[in-house]
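# Analysis of the macromolecular model
If you want the building blocks of each chain, they are given just below.
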Amino acid sequence: ACAVLQAPPGAGKTTGIPLFLHKAPWLADRKIIVLAPRRLAARAAAMRMSDLLGEKVGRTVGYRVRMDSRISSATRIEVVTEGVLTRMLQSDPSLEGIGLVIFDEFHERSLDTDLGLTLCLDMQGVLNKDLRLLIMSATIDTGSMAAMLDDAPVLTCPGREFPVETRYVGRHTPTESMDVLCDVVLSAVRNESGSILVFLPGASEIRQVARRLEKARLGPQWIIAPLFGNLAHSAQNQAIAPTPTGRRKIVLATSIAETSLTIEDIRVVVDSGLQRVSRFEIRSGLTRLVTVPVSRASADQRRGRAGRLAPGVCLRLWSREMHHTLIPAHRPEILEADLAGLALELALWGVDDPGKLKWLDPPPRNTFDSARDLLRFLGALDTDGGITDQGRQMAALPMHPRLAHMLVAANRLGYGGIACDMAALIGERDVVRFDPGQQDADLRIRLDLLQALRRKRPLTSQGAIVDHSALRRVIRAADQLRRQMGSHADDGHAVSIGRLLGWAYPDRIARRRPDVRGKFLLTNGRGAYLDPAAPLAAEEFLVAVELDGERREARIFRAAAYSMDILSEQFAQQLCWVEAVDWDPDRLAVAVRRDLKLGALTLRSEPLADPDPQQVLEALLKGIRKQGLQCLPWTKPLRRWQERVCFLRRISGNDQQWPDVTDEGLESHRMQWLA
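Notes on the structure follow. For clarity, every value in this text was computed on a predicted model and none was experimentally measured.

Attention now moves to the overall build of the protein chain. A tally of regular secondary structure across the protein chain gives 23 helices and 26 strands. With the principal axes as the frame, the protein chain shows a C-alpha extent of 105 × 60 × 60 Å. Long-range contacts, defined here as pairs at least 24 residues apart, represent 68% of the contacts in the protein chain between residues at least 6 apart. Looking at the protein chain as shown, the accessible area adds up to about 31,200 Å², and 50% of this sits on carbon and sulfur atoms.

Along its 14 residues, helix H6 (residues 178-191) runs 20 Å from first to last C-alpha, staying within 8% of the 20 Å computed at 1.5 Å per residue. Three or more residues of H6 are buried, namely Met178, Leu181, Cys182, Val184, Val185, Ala188 and Val189. The buried residues of H6 all sit within an arc of 160° when viewed along its axis, so they share a single face. Along H6, the residues that are exposed and aim more than 90 degrees away from the buried face are Asp183, Arg190 and Asn191. The elements touched by buried residues of H6 are strand E10 (195-199), helix H7 (203-215), strand E11 (222-227), strand E12 (248-253), strand E13 (266-271) and strand E16 (312-316).

A surface patch of negative charge is lined by Glu579, Asp610, Asp612 and Glu618. Mapped onto the secondary structure, aspartate 610 falls in the loop between strand E26 (601-607) and helix H20 (613-627). Given a relative accessible area of 67%, aspartate 610 falls into the exposed group.

Across the interface, helix H15 (residues 416-427) lies against helix H16 (residues 443-454) with an axial gap of 10 Å and an inter-helix angle of 115°. When the axes of H15 and H16 are compared, the pair comes out roughly perpendicular. Between H15 and H16 lies a crossing of right-handed hand. On H16, the residues that touch Ile418, Asp421, Met422 and Leu425 of H15 are Leu443, Arg446, Leu447, Leu450, Gln451 and Arg454.

Attention now moves to the side chain of histidine 22. Secondary-structure assignment places histidine 22 in the loop between helix H1 (13-21) and strand E2 (31-36). Exposure remark for histidine 22: the relative accessible area of 16% places this residue in the buried category. Polar contacts involving the side chain of histidine 22 include one to the main-chain carbonyl oxygen of leucine 19, which spans 2.9 Å. Once residues within four sequence positions are removed from consideration, histidine 22 is found in contact with Leu27, Ile32, Thr60, Arg76 and Ile77.

What follows concerns the pattern of salt bridges. In total, this model carries 37 salt bridges according to the counting rule given. We note a salt bridge from aspartate 373 to arginine 376, for which the minimum N-O separation is 3.2 Å. Here arginine 376 and aspartate 373 lie together in helix H12 (residues 365-377), a separation of 3 residues that amounts to about one turn. Ionic contacts of the salt-bridge type, sharing partners, join the residues Asp421, Arg454, Asp479 and Arg482 into one network.

It is worth spelling out H16 at this point. When the terminal C-alpha atoms of H16 are compared, their 17 Å separation across 12 residues agrees well with the 16 Å that a helix rising 1.5 Å per residue should span. Buried within H16 we find Leu443, Arg446, Leu447, Leu449, Leu450, Gln451 and Ala452. Where H16 begins, one side-chain oxygen reaches toward the backbone nitrogen of arginine 444, 2.9 Å away; that side chain belongs to aspartate 442. Positive backbone phi, approximately 60°, marks lysine 456, located one or two places after H16.

Right, let's get into the side chain of arginine 402. Summarising the element assignment, arginine 402 is placed in helix H14 (residues 401-412). A distance of 3.2 Å separates a polar side-chain atom of arginine 402 from the backbone oxygen of alanine 504. Engagement of the side chain of arginine 402 in a polar contact is seen with the side chain of aspartate 507, the distance being 2.7 Å.

The next point concerns the pairing of strand E1 (residues 2-6). Of all 5 residues that make up E1, 4 are buried, and the element is covered over most of its length. Alignment of E1 against strand E7 (residues 132-137), held across 5 bridges, turns out to be parallel. Counted as the bridge partner of cysteine 2 is leucine 133 from E7. Pairing geometry for E1 and strand E8 (residues 154-156), over 3 bridges, is parallel. Across the sheet, the residue bridging to glutamine 6 is threonine 156, located in E8.

Turning our eyes to something else, we now look at the nonpolar core. Ranked by internal contacts, the top residues of the largest apolar core, which has 107 residues, are Phe103, Leu133, Met406, Leu407 and Leu501. Excluding anything up to four places from it in sequence, phenylalanine 103 contacts Leu35, Leu85, Thr113, Gly116, Leu117, Cys120, Leu133, Leu134, Ile135 and Met136. Judged by nonpolar contacts, the second largest core, of 26 residues, contains Leu181, Val185, Val189 and Ala210.

Let's shift gears to the sheet that holds strand E19 (residues 509-512). Pairing is mixed around the closed barrel formed by 5 strands, whose spatial order is E19-E20-E21-E23-E22. Between one strand axis and the next, the sheet turns by 50° as a mean value, whatever way the strands run. Taken together, the 6 bridges between strand E22 (residues 541-547) and strand E23 (residues 553-562) define a ladder with antiparallel strand orientation. Directly across from phenylalanine 541, in E23, lies its bridge partner tyrosine 562. Against the sheet, helix H18 (residues 497-504) touches E22 and E23, its axis set at about 130° to E23.

A few words now on the environment of alanine 419. Relative to the helices and strands, alanine 419 is located in helix H15. The class of alanine 419 is buried, set by a relative accessible area of 0%. Separated by 59 residues in the primary sequence, alanine 419 and alanine 478 place their C-alpha atoms 8.8 Å from one another. Once residues within four sequence positions are removed from consideration, alanine 419 is found in contact with Met406, Leu407, Ala410 and Leu500.

With respect to the element layout, leucine 40 can be found in helix H2 (residues 39-53). By relative accessible area, which is 4% here, leucine 40 ends up buried. Distance in space between the C-alpha atoms of leucine 40 and leucine 231 is 9.5 Å, their sequence separation being 191 residues.

Most peptide bonds are trans, and most residues other than glycine sit at a negative phi. Here the phi dihedral of leucine 95 falls at roughly 45°; this positive angle occurs in a residue that is not glycine. Along the chain, the position of leucine 95 falls in the loop between helix H3 (82-91) and strand E6 (98-103). Even without being glycine, lysine 456 reaches a positive phi, approximately 60°. Position of lysine 456 relative to the elements: it lies in the loop between H16 and strand E18 (464-466). Judged by relative accessible area, lysine 456 falls into the exposed class, the value being 77%.

Reading the values: the criteria
Residues numbered from 1 in each chain as written. Predicted model: local features only at pLDDT ≥ 70, side-chain atom pairs only at ≥ 80, totals over all residues. Heavy atoms only, no water. Helix = DSSP H or I, 4+ residues; strand = E, 2+ residues; numbered from the N terminus. Contact = heavy atoms within 4.5 Å. Areas by Shrake-Rupley, 256 points an atom, 1.4 Å probe, with all protein chains shown as cover. Expected span 1.5 Å × (residues − 1). Buried < 20%, exposed > 50% of the residue type's maximum accessible area, 1.4 Å probe, protein only. Arc of directions from axis to C-beta. Patch = residues over 30% accessible without salt bridge, like charges linked within 9 Å, V, L, I, M, F, W, Y side chains within 5 Å. Salt bridge = Lys/Arg side-chain N within 4 Å of Asp/Glu carboxyl O. Lys, Arg positive; Asp, Glu negative; His and termini not counted. Charge placed at Lys NZ, Arg CZ, Asp CG, Glu CD. Axes fitted to C-alpha atoms, helices over the stretch in contact; angles between N-to-C directions. Parallel < 35°, antiparallel > 145°, perpendicular 65-115°, else oblique. Left-handed = near helix turned anticlockwise from the far one by under 90°. Polar contact = N/O pair within 3.5 Å; in protein donor to acceptor, adjacent residues only side chain to side chain. Pairing = 2+ DSSP bridges. Core = buried A, V, L, I, M, F, W, Y, C linked by side-chain atoms within 4.5 Å.

What follows is the structure in structure tokens.
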């Protein structure tokens with residue numbers, strides 16, 4: 001009931017296999033689901049298959065992705081993204097009417113892909129006895145994959161790949177210098193034929209290179225076409241469509257172009273050797289984006305783009321020697337990511353222990369346990385780890401459990417509309433860009449811009465460049481959430497943004513450190529900072545939404561003002577008094593007080609009238625150990641007595657007759673004599 005197919009890039013796996021199989025007798029009119037790694041890839045695959053059939057998308061072949069779908073009663077092949085498959089499984093665990101699920105480009109090993117395969121294997125042969133699974137990839141380890149699938153057969157297809165000449169044109173390691181990369185691109189413009197595909201780490205680098213190439217005045221025959229996930233559909237289509245006769249294009253792409261897409265007319269690949277990936281830090285609870293060198297597998301995928309339709313050239317911005325030091329492949333996302341969403345999906349599936357399921361790589365236990373702790377704090381799980389009614393509501397929403405908790409809590413109190421706006425703002429890339437030194441982290445600015453565009457008012461923001469396309473995308477996402485939640489529109493000022501975000505990020509409520517502008521302590525114990533000149537830097541309380549997590553103190557990129565009054569009301573059940581008995585090095589005395597705390601934050605302190613004598617004693621001894629015995633009230637006669645006893649102990653040779661009263665001896669036995 002399972003098989004593995006390995007074929008090189010360009011062999012036609014994505015479009016050829018579903019079209020070949022959809023009329024197979026064993027399907028018996030049941031559908032094929034093709035799992036694509038990205039929205040762009042899903043739409044492109046469905047369009048390509050429809051073109052081959054001479055039909056419009058939505059007839060025999062359709063697609064379903066977030067906020068967009070083209071399917072009909074006639075659809076036999078559905079291309080879906082990973083999150084869509086998970087929702088299909090949770091709403092109908094038997095996948096009734098589905099005969100085959102194809103996991104395309106499985107080597108990318110996203111978290112949702114691993115989860116989708118695990119859930120399919122759990123119900124295969126039980127809830128859907130005839131369901132078949134096909135795992136397809138160009139570079140996957142077929143041995144371990146087949147073993148996981150109970151020795152499933154492995155099929156190989158050589159495909160057709162044109163020769164690609166590889167040139168190493170960089171220094172030893174990949175460089176982030178846009179000057180070097182642009183020089184290589186311009187050299188390719190002058191010396192190579194065909195269109196050019198340039199791989200860059202992220203959207204910001206794509207914009208930089210696009211601006212530089214536009215200034216180079218390449219001529220009207222050249223089209224500069226960015227390609228990344230959040231780009232408008234029309235711009236994405238321009239990047240992947242054939243170029244008009246007599247024209248060439250330079251496609252500036254992230255790793256989105258590594259697989260699944262055939263970009264027409266490409267003959268040259270320029271590879272920066274870098275990519276941006278997410279890293280989750282269990283200690284801080286933060287996910288950060290980091291720029292890392294590509295793996296050898298990714299480099300080979302990129303190189304293959306130049307040989308899909310004709311012989312090509314690949315220009316790598318690193319040395320031949322360095323290439324052999326690249327890691328073979330990047331670690332699967334399940335080993336690096338925040339697992340809160342996965343833990344919630346498993347709870348909804350009815351599984352409290354991931355060890356009960358079959359995984360190619362099981363979730364790391366520490367990260368999974370941390371995710372479950374967060375879900376309990378958000379009210380999604382009960383004390384036994386079972387899913388709650390609130391958890392079910394959260395799982396039905398297409399977002400991280402943090403934001404889902406915010407929507408559920410806010411909707412209950414009549415703030416659902418504004419919460420949907422805020423969730424969409426946080427879920428998409430930032431809608432404003434600032435000049436260097438002008439960065440403003442305040443989410444209120446973003447929300448005001450969104451509401452102004454929705455009401456067709458002038459967009460005003462001091463020192464900021466507004467990304468109108470990103471704002472429109474946020475509005476579409478927010479409106480879809482409002483429809484799903486049944487939320488009405490509201491003015492956005494009836495509730496504090498900080499209150500909303502407190503529901504989503506209770507561990508990132510921050511209090512400014514005493515007498516230091518821009519320095520904060522989070523409830524999770526982590527330090528964070530803003531530029532002292534930033535407007536939010538003077539706030540007493542914040543909720544930090546986006547931080548970099550790279551340093552001992554994380555930089556805050558997006559946040560909202562908060563207050564002690566809201567905190568006291570919102571987290572009344574979580575506040576607790578903690579007795580603090582400790583040594584005060586400034587007063588050289590024991591300090592006794594009780595603190596009102598939320599996590600690591602101390603909100604109020606007051607004297608402790610009746611401290612535990614044992615705690616006072618331990619604090620006193622701790623202080624004396626820190627200060628050294630010289631802090632005790634020594635007198636000259638006492639020091640002379642100490643010297644005489646030490647002298648007698650030394651000359652007598654009898655350690656039992658004379659005690660060890662040296663400073664070192666007294667220090668090591670302070671619990672016996674000083675206490």
